[in-house]
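Chain and residue survey
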Amino acid sequence: MPKPLPAAGAGSRSKSTDAAPDPRSAAYDVLNIAKDHRTILCLDGGGMRGILTIQLLKKLEEVAGIPCYQLFDMVAGTSTGAIIAGLITTGHTALQIETLYENLVTKVFDHRTLGNRFINPPAFTKEKYRDLLKEVVKDITLEEACRINDLDLMITSKDMSAAEETFFSCFKQPDGSFFGTYKQVLLRSVMEATMSAPTYFYPLERFVDGGTTTYNNPSLAAFMEAVSYSIAPKEDLASSQNIQPALNPNPKSPSSAEPGTVSPDYQLSKITIFSFGTGISRQFIKPTGTVNPHGIDLTFWLNWLMTEMGQDASAMQVDTFRSPMIKKLVDFRRFQISLDPTAIGKLPNIGTLDEKKYHTKWLHDIGEDILGSIDMADTTKFDLMKVIGTQMAEYIMQVNEFKQDLLVANRDALVTATGDVVRIRKQLSDPEWLGAFKA
C-alpha cells in the first residue's frame, strides 16, 4: 500500500494527518516523480565500494528533504546493497548508515588465519560481522523490520542446494498485514546470506552472495517481484499463516480490477525505480594480451569471470529498462560509474586525497593502475571510493539532480565504453588473419 501523498487520494498508507503538509509529496515534486507512482530503491552489490552508494544516498536525501525510508515504498538490495537496504528498512538515514557502514566494512573483511581466496579459501571470516549485525538490527524478522517504516523489502541470495536465486521479500497487503514466504526469518540471517561471496566468505549453509550470478543489480528482480508477486495468491488470502484475509478490496485498486478481487499496488506503468551502482572496474584487455594474460592464468580468469558475469547481467537489466518497450512504461533512473581515468575525469576535481598514499592529492591524477585494481575487499581504497562517491553526487547535481536517468546520447554518462569496429571488421573478414591466429 502506498505511503501518503495528498494527490494520491483516499486509502493510502497513513503516516501524517491531512491538515499537515506532506514532506513526501514535496520530495516527489523536487525529484520530478509522478504523484501516482510507487517508488523502488535498488542497490547493487560491490563489497566495500558500497561507500560510494552511500554518498549518493546522502545527497539524494538532502535533495528530497526526507530520509530514504520515508521517500521509497520498497527497498531492494544485493550483498553490500542489501546491508544498506536492511539498515534503511530499520529506520536509518544515509548519514547514520555511513557511520555504521564504516564499522561494518572493517568487520566484514576480517582476515581468516592462513585464509587465501585461491589457495585456502575463504579469505575472510564473518564472525565479527555477525556479532555487530546482531548488535545493530537485533533479532527482528523481515516482517518486523518492514513494519517499522511501512516499507516493502527484497534481498537476494543464491541457493546452491536448489540451484536457484532466492528473493527474500516482504510486502504489505491491502488489509495492513504482510506477505512473504520468508517473512518470519531473521533479517540479519538474510543480510549475512546475501553477502557470503564465494572464495571471500564461507556460505551460510546453502546460501551464497546474491550477486554470484545474475542479480548483483537487483533492479529487474525487484520490479518483477513488486508487479507480479507483491500480493498474496488467492489460496493464501484465507490462510493466517501468511496474511489475514482482506474482507474488502484495496480502495486504491485500479478501476479495471474485477469486483471483489485484490489488485497489486505496484501497477506496471506507475513505478519509478532509482537504481544505484557501486562503481565497476572495466577490464579493458588489449587484443594482444588475451592469449597470455598478465599473472597466473587461473587467478586472472577467475577474477575476470566473477567480475564480468555480474557486470554483463547488470548491463542487460539496465538495457532492458531503457529499451523502447519498457522505458515508456517505467520511470527508470540508473546512477553508475566506471572506475577508470576517463570516467573519473568527468567528475568535479578535488584535492583532498592522501598524497603519501596515492602520490597525488588530486582525484583526476589517479591512474588506471589504482582505479583498475579496486577489489571489493580492498579496504585500503575505502577513502578513495568515498571521495569518488562524493564527487559523483556533485556531478549528478550539476547534470540532472536525480530527476532522470543519468544518460548521455542513450549511454551511461559515467560508464566508459570502447570499441574498434574498423579493426574487428577487417580482421574477422580476413581468412589469412584467421588462419594465422593461435588456435
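Anyway, here's the lowdown on the structure attached to this text. Within every chain, residues take consecutive numbers counted from 1 along the sequence as written. Local features in this predicted model are restricted to residues whose pLDDT is 70 or higher, and side-chain atom pairs enter the listing and the counts only when it is 80 or higher, whereas totals over whole chains, interfaces and linings include all residues. The side-chain numbers reported here are obtained from all heavy atoms of the structure, hydrogens and water having been left aside.

1. What to know about the packing of aromatic side chains
- Ring pairs are drawn from Phe, Tyr and Trp, using the six-membered ring of Trp, whenever the two centres fall within 6.5 Å, and their geometry is named by plane angle: stacked under 30 degrees, edge-to-face over 60, tilted for the rest. In the structure shown here, the tally under the stated rule is 17 aromatic pairs.
- Judged by centre distance (4.5 Å) and plane angle (10°), the rings of F321 and F332 are stacked. Remark: F332 occurs in strand β10 (residues 331-335) and F321 occurs in helix α11 (residues 297-322); sequence separation between them is 11 residues.
- Residue classification places F321 among the buried positions, given a relative accessible area of 1%.
- An aromatic cluster of three or more residues is present, and its members are F72, F274, F276, F335 and F402. By the criteria applied, helices consist of DSSP H or I runs no shorter than four residues and strands consist of E runs no shorter than two, each listed in order from the N terminus. Here the term buried applies to any residue with accessible area under 20% of the maximum for its type, exposed to any over 50%, and partly exposed to those in between, with areas from a 1.4 Å probe on protein chains only.

2. Quick notes on the pairing of strand β9 (residues 271-276)
- Taking burial as the measure, the 6 residues of β9 include 6 buried ones, the bulk of the element.
- Where burial is concerned, the two faces of β9 agree: the one with I271, I273 and S275 and the one with T272, F274 and F276 are both buried.
- Across 6 bridges, strand β1 (residues 38-43) lies against β9 in parallel orientation. The residue of β9 that forms the bridge with R38 is I271.
- A pair of strands counts as paired when DSSP detects no fewer than two bridges linking them. By the bridge criterion, 5 bridges tie β9 to β10 in an arrangement that is parallel. From the neighbouring strand, F274 faces β10, where its bridge partner is R333.

3. Concerning the environment of A232
- Within the secondary structure, A232 sits in the loop between α9 (219-229) and α10 (234-237).
- With 60 residues separating them along the chain, A232 and K172 place their C-alpha atoms 9.6 Å apart.

4. As for unusual backbone geometry
- With an omega of 0°, the peptide bond running from P121 to P122 counts as cis.
- Relative to the assigned elements, P122 resides in the loop between β3 (110-111) and β4 (124-125).
- Of note, the phi angle at D150 is positive, near 55°, even though the residue is not glycine.
- Residue classification places D150 among the buried residues on the basis of a relative accessible area of 11%.
- We note that E205 has phi near 55°; this positive angle belongs to a residue other than glycine.
- Tracing the backbone through its elements, the reader meets E205 in the loop between α8 (187-193) and β8 (207-209).

5. Remarks on the packing of helix α2 (residues 50-64) against helix α5 (residues 94-108)
- Running from N to C, α2 and α5 point in directions that differ by 160°, and their axes come no closer than 8 Å. In terms of axis orientation, α2 runs roughly antiparallel to α5. Considering the relative orientation of α2 and α5, their crossing is left-handed. Contacts between α2 and α5 involve G50, I51, I54, Q55, L57, K58 and E61 from the first element and A94, L95, I97, E98 and Y101 from the second. Lines fitted to C-alpha atoms define the axes, with helix axes restricted to the stretch in contact, and inter-axis angles between N-to-C directions lie between 0 and 180 degrees. When an angle is under 35 degrees it counts as roughly parallel; over 145 it counts as roughly antiparallel; between 65 and 115 it counts as roughly perpendicular; any other value is oblique. A crossing counts as left-handed when the near helix is turned anticlockwise from the far one by less than a right angle, and as right-handed when that turn is clockwise. Residue contacts follow a heavy-atom distance rule, with two residues in contact if any of their heavy atoms lie within 4.5 Å.

6. Section: the pairing of strand β5 (residues 152-159)
- Burial analysis of β5 places 8 of its 8 residues in the buried class, which makes it a mostly covered element.
- Of the two faces of β5, both are covered, the one formed by D152, M154, T156 and K158 as well as the one formed by L153, I155, S157 and D159.
- Where β5 lies against strand β6 (residues 164-172), 7 bridges are found, and the strand directions are antiparallel. By the bridge assignment, M154 is partnered in β6 with S169.
- As defined by bridge partners, β5 adjoins β8 across 3 bridges and the pair is classed as antiparallel.

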